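Each chain is listed here by its residues.
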Amino acid sequence: MCEGGAAPPCIYLDNQATTPLDPRVLEAMMPCLRQGFGNASSKSHAYGWAAAEQVERARAQVADLIGAAAPREIIFTSGATEADNLAILGLCDTPVDGRNHIVTCVTEHPAVLDPCRHLERRGWRVSTVGVDAAGRLDVAQLDEAVTGDTALITVMAANNEIGTVHPLAEVGQLARARGVPWHCDAAQAAGKIPLDVEALGVDLLSLSGHKIYGPKGVGALYVRRRKPRLPLAAQQLGGGQERGLRSGTLNVPGIVGLGRACQLCAEELPGEGPRLAALRDRLHRNLDGAIPGVQLNGHRDHRLPGCLNVVLGTVDGGRLLAALRDVALSSGSACASGEGHPSAVLKALGRTDSEAFSSVRFGLGRFTTGDEVDTAARRVIEQAGRLQLN
Ligand SMILES: *Cc1c(COP(=O)(O)O)cnc(C)c1O
């Protein structure tokens, strides 16, 4: 059983849904939860100054991870959902030159698709670009979709269900060439693959603490400083924190945790990427050798190192996950699973309903060991034969 509190006797392979808090992150946060409780906006005493100093250090750590030119380009939020909403609704609040068109991609997270739909109901036009059979955005289609009316391109870095990484440099070049700002939801990619907002030409980028071994309830939006200024309008009004773009008393412990999490990712990425990719491929080989009809969902090369999403032949994914009480896995998307409809992302790849229902996502992370991966594969293989779709 995976219960809260004590460490469960359970193998955690759902690191795309959330990651455990790294003990080093917790250690960095603890002083802010105890004596360092100051309000970072308090300008008149040492409690406030200390909190503000911690926040500014974290801002620099986040900026460093993504290659931002200056820490002030980072706005702290409650997570990637809020960052996505701020980017999309904030940029489309005041249409520039009457532009009222957004271009997005069919496999985006609901935190992007729902704000786009919201704008559509308010008279905006939304073009949704398709993907190929490996889940990669078609840049030619993106090029066709962009018009003189396009106010924003919102295309994620890496997909949360299948791990596919989009052709990011090409998207950036296109956005630049067409003079359209690009928002990139990098909740899955930040800290997992090298990302450089300057090299890629990203204008707005969302990330989340709890996807990178930091705490839940904190994230950030990178907002490029440029001339003319991006016309981003605050979506939450009040005390004017975060340059007026995100009012509300800063979550200092969360922000400090996010900063430390970013620093650790930056340090460990060069070794961690190859380690996870090797474990992921070993898991894939084990499953493929024992279960008939294993097919990869996603791109073989352009993929997150810790993500393996596969069709397990004609296995009933839902029943498999229910049967495996000691392995935490996800079938397709955490949000779509359990609802009885096939994942929209898998359908966008051209998967049939039954292929989607036989798909399982293995999310490996920083604390995943080779033994765990081998045990999980064995447990899945044991159950696969008897749990077939009927
Ligand atoms: C998890 C996730 C989000 C939402 O992030 P929260 O911080 O949980 O709000 C958005 N987009 C993608 C791609 C994600 O994986």
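Preceding this section is the structure that the text describes.
Residues numbered from 1 in each chain as written. Predicted model: local features only at pLDDT ≥ 70, side-chain atom pairs only at ≥ 80, totals over all residues. Heavy atoms only, no water.

1. Points about the packing of helix α1 (residues 23–33) against helix α8 (residues 252–290)
Link 1 in the chain: Direction vectors running N to C along α1 and α8 enclose 155 degrees, while the axes themselves pass 8 Å from each other. Classified by the angle between their axes, α1 and α8 sit roughly antiparallel to one another. For the element pair α1 and α8, the recorded crossing hand is right-handed. Where α1 abuts α8, its residues R24, V25, A28, M29, C32 and L33 lie against V252, P253, G254, V256, G257, R260, A261, L264 and E268. (Axes fitted to C-alpha atoms, helices over the stretch in contact; angles between N-to-C directions. Helix = DSSP H or I, 4+ residues; strand = E, 2+ residues; numbered from the N terminus. Parallel < 35°, antiparallel > 145°, perpendicular 65-115°, else oblique. Left-handed = near helix turned anticlockwise from the far one by under 90°. Contact = heavy atoms within 4.5 Å.)

2. Brief notes about the packing of aromatic side chains
Link 1 in the chain: Applying the stated criterion across every chain, the model contains two aromatic pairs.
Link 2 in the chain: Ring centres of F37 and Y47 lie 5.2 Å apart, and the angle between their planes is 35 degrees; on these two criteria the pair is classed as tilted. Of the two residues, F37 is situated in the loop between α1 and α2 (46–66) and Y47 in helix α2; the sequence distance between them amounts to ten residues.
Link 3 in the chain: For F37, a relative accessible area of 55% corresponds to the exposed category.
Link 4 in the chain: When its relative accessible area of 46% is taken as the criterion, Y47 is described as partly exposed.
Link 5 in the chain: Seen from their ring centres, Y213 and F367 are 5.8 Å apart, and the 85 degrees between their planes marks the pair as edge-to-face. Of this pair, Y213 sits in the loop between β7 (204–208) and β8 (219–223) while F367 sits in the loop between β12 (359–363) and α12 (370–384), and the two are 154 residues apart along the sequence.
Link 6 in the chain: A residue is classified by how much of its surface remains accessible, and F367, at 37% relative accessible area, is partly exposed. (Phe/Tyr/Trp six-rings, centres within 6.5 Å; stacked < 30°, edge-to-face > 60°. Buried < 20%, exposed > 50% of the residue type's maximum accessible area, 1.4 Å probe, protein only.)

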